[in-house]
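# Structure assessment
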Amino acid sequence: MNVMEKYLESLVKRGIVINNKKDLSIKTPVYFIFSAADEEAFEDNSEEYIRRDLEGSDIDTRRRAACDLVRGLCKFFEGPVTGIFSGYVNSMLQEYAKNPSVNWKHKDAAIYLVTSLASKAQTQKHGITQANELVNLTEFFVNHIQPDLKSASVNEFPVLKADGIKYIMIFRNQVPKEQLLLSIPLLINHLQAESIVVHTYAAHALERLFTMRGTNNTTLITAAEMAPFVEVLLTNLFKALTLPGSSENEYIMKAIMRSFSLLQESIIPYIPSVITQLTQKLLAVSKNPSKPHFNHYMFESICLSIRITCKANPDAVGSFEEALFMVFTEILQNDVQEFIPYVFQVMSLLLEMHKNEIPSSYMALFPHLLQPVLWERTGNIPPLVRLLQAYLERGANTIASAAADKI
């Protein structure tokens, strides 16, 4: 045993002694308590709070330091440390139960401490990949997480709502599938929460659940299991984009994209409304593109709408062209450089859906695609090559006869 391990052992032994004292006056580990700075960030600087909390960039906070200490202790003395801090968890939950409206920070600390105790290995993509077997995560979820998410108001105790949703996110591989399915309507409901953190976490949790893999590398949650929730899911996701502070929320748009990918043909009845809302959002953000991830997921959602719908009904391509071309024309005329490669990609996809000759609307654009200025931007080259390939595959004879002088 090295020096560090001996020191840790002495800490644990001292902890056991302290924990057994009858006159223990401070039952809550203070460094796990939600601080005033945390509360201010949660309410007034939600984007930074989300970034630090979800992306793990909170390494300079006292909560993170306390969490890392607990995990370090568990690495060497899992049994004793789990027992000690489980006592703290129970004590904090009892304090919360006495007066929830006043003592909600005690439950927040309890959830954070359980997360620290249970997490042995974690990745951003998969959540917790190795958990402390001495912590009953499902029991804690059913008894202490679900009741908060089932409450009538989605705006009551927003920090605890966010804690509960994050618990689902990070322990999604440990919580049984039946509990995850029961959580889906709760998460969909919390997309309506006024708190930016809460509805963002709800969107992110849904997106993460939709990417989980089951047997045969298929999605764990199937389109059939989501069938009862399709309409309310799409409605609440797009409504969430209208909430203050979330008009360009990348987590919501990514959840929209992932929902389309999972649901496939189930979204077709809602495509007219969906494509209208996506087009309106595209027109709005094209005035001042500022969120590259949001923009990427938005165009991916548009492409998924086209692929899914036109696979079932190839004639629907005309409806998409009618909805999108006016916005595309404005983007090209205003030289919105961030969006032009995406526009060419979507146009390629639409043109590839045509089985006969190239429509006249595409032929009118063809000469402009050969302008040297477009090819000077390296980001334009791959989508332009694909678009020209689609032109040649769909209408080589038309091009040879009507635009030979441009080639």
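Residues numbered from 1 in each chain as written. Predicted model: local features only at pLDDT ≥ 70, side-chain atom pairs only at ≥ 80, totals over all residues. Heavy atoms only, no water.

## Focus on the overall build of the protein chain
Looking only at helices and strands, one finds 20 helices and two strands in the protein chain. Out of the 407 residues belonging to the protein chain, those deemed buried represent 49%. In the protein chain, the proportion of contacts linking residues at least 24 apart, taken out of those at least 6 apart, comes to 71%. (Helix = DSSP H or I, 4+ residues; strand = E, 2+ residues; numbered from the N terminus. Buried < 20%, exposed > 50% of the residue type's maximum accessible area, 1.4 Å probe, protein only. Contact = heavy atoms within 4.5 Å.)

## Brief notes about the packing of helix α4 (residues 62-76) against helix α6 (residues 100-118)
Where α4 meets α6, the closest approach of the two axes is 8 Å, and the angle between their N-to-C directions is 40 degrees. Here α6 runs oblique to α4, going by the angle between their axes. Like other packed secondary-structure pairs, α4 and α6 cross with a definite hand, here right-handed. Along its contact with α4, which presents Arg-63, Arg-64, Cys-67, Val-70, Arg-71 and Cys-74, the element α6 presents Asp-108, Ala-109, Tyr-112, Leu-113, Thr-115, Ser-116 and Leu-117. (Axes fitted to C-alpha atoms, helices over the stretch in contact; angles between N-to-C directions. Parallel < 35°, antiparallel > 145°, perpendicular 65-115°, else oblique. Left-handed = near helix turned anticlockwise from the far one by under 90°.)

## A few points about the packing of aromatic side chains
Scanning the model with the defined rule gives 14 aromatic pairs in all. Where Phe-299 meets Tyr-342, the ring centres are 4.6 Å apart and the plane angle is 5 degrees; that geometry is what we call stacked. Taken as a pair, Phe-299 in helix α15 (residues 292-312) and Tyr-342 in helix α17 (residues 340-353) lie far apart in primary sequence, 43 residues in all. Assessed through its relative accessible area of 2%, Phe-299 is described here as buried. Within the aromatic cluster, the residues linked to one another by ring pairs are Phe-325, Phe-328, Tyr-362, Phe-366 and Tyr-391. (Phe/Tyr/Trp six-rings, centres within 6.5 Å; stacked < 30°, edge-to-face > 60°.)

## Quick notes on the environment of Gly-395
Checked against the element boundaries, Gly-395 lands in helix α20 (residues 381-402). The spatial distance from the C-alpha of Gly-395 to the C-alpha of Met-363 is 9.5 Å, given a sequence separation of 32 residues. Look past the residues within four positions of Gly-395 in its chain and what remains in contact with it is Glu-357 and Ile-358.

## A few points about the pattern of salt bridges
Under the criterion given, the structure shown has twelve salt bridges. Between Glu-39 and Lys-105 there is a salt bridge, with its nearest N and O atoms 3.2 Å apart. You can see Glu-39 sitting in helix α2 (residues 36-44) and its partner Lys-105 sitting in helix α6, a full 66 residues away along the chain. Looking at Glu-39, the relative accessible area reads 25%, which means it is partly exposed. Exposure remark for Lys-105: the relative accessible area of 23% places this residue in the partly exposed category. Among the salt bridges present, the one from Asp-335 reaches Arg-377, with a minimum N-O distance of 2.8 Å. Of this pair, Asp-335 sits in the loop between α16 (317-333) and α17 while Arg-377 sits in the loop between α19 (372-375) and α20, and the two are 42 residues apart along the sequence. Judged by relative accessible area, which is 23%, Arg-377 ranks as partly exposed. (Salt bridge = Lys/Arg side-chain N within 4 Å of Asp/Glu carboxyl O.)

## Examining the nonpolar core
Counting 135 residues, the largest nonpolar core has Ile-302, Ile-306 and Tyr-391 as the members making the most contacts within it. The residues touching Tyr-391, leaving out its near neighbours within four places in the chain, are Leu-351, Ile-358, Tyr-362, Met-363, Leu-365, Phe-366, Leu-369, Ala-396 and Ile-399. (Core = buried A, V, L, I, M, F, W, Y, C linked by side-chain atoms within 4.5 Å.)

## Here's the deal with the side chain of His-190
In this structure, His-190 sits in the loop between α9 (177-189) and α10 (196-211). On the accessibility criterion, His-190 (1% relative accessible area) is buried. Discounting residues that sit within four places of it in the chain, His-190 has contacts with Leu-149, Val-154, Lys-161, Ile-165, Val-198, His-199 and Ala-202.

## Looking at helix α3 (residues 46-55)
All of the buried residues along α3 are Ser-46, Tyr-49, Ile-50, Asp-53 and Leu-54. Buried positions in α3, seen along its axis, are confined to an arc of 105 degrees and lie on one side of it. On its buried face, α3 sits against α2, α8 (158-170), α10 and α13 (250-263). (Arc of directions from axis to C-beta.)

## Description of the packing of α17 against helix α18 (residues 360-369)
It is the contact of α17 with α18, at a shortest axis distance of 13 Å, that shows an interaxial angle of 140 degrees. In this view, α17 runs oblique relative to α18, as classed from their interaxial angle. The handedness of the crossing between α17 and α18 is left-handed. On α18, the residues touching Phe-344, Met-347, Leu-350 and Leu-351 of α17 are Tyr-362, Leu-365 and Leu-369. By residue class, the composition of the contact of α17 with α18 is seven nonpolar, no polar and no charged. (Nonpolar A, V, L, I, M, F, W, Y, C, P; charged D, E, K, R; others polar.)

## Observations regarding the confidence of the model for the protein chain
Per-chain confidence: the protein chain averages 86 in pLDDT, with 87% of residues scoring 70 or above. In the model, residues 15-28 has pLDDT below 50 throughout and makes eleven contacts with residues more than four positions away in sequence or in other chains. (pLDDT = per-residue confidence, 0-100.)

## Quick word on the side chain of Asn-380
By the element assignment, Asn-380 lies in the loop between α19 and α20. We classify Asn-380 as buried; its relative accessible area is 2%. A polar contact of 3.1 Å, which involves the side chain of Asn-380, links it to the backbone oxygen of Leu-374. For Asn-380, the contacting residues outside a window of four places in its chain are Ile-340, Pro-341 and Leu-374. (Polar contact = N/O pair within 3.5 Å; in protein donor to acceptor, adjacent residues only side chain to side chain.)

## Some words on unusual backbone geometry
In the Ramachandran plot, Asn-217 falls in the positive-phi region, its phi being about 60 degrees despite a non-glycine side chain. Mapping Asn-217 onto the fold places it in the loop between α10 and α11 (223-226). Unlike most non-glycine residues, Asp-335 shows phi in positive territory, near 50 degrees. Classification of Asp-335 by relative accessible area gives partly exposed; the value is 34%.

## Some details on the environment of Leu-283
Within the element layout of this structure, Leu-283 appears in helix α14 (residues 271-285). Setting aside residues no more than four positions away along its own chain, Leu-283 makes contact with Val-327 and Glu-330.

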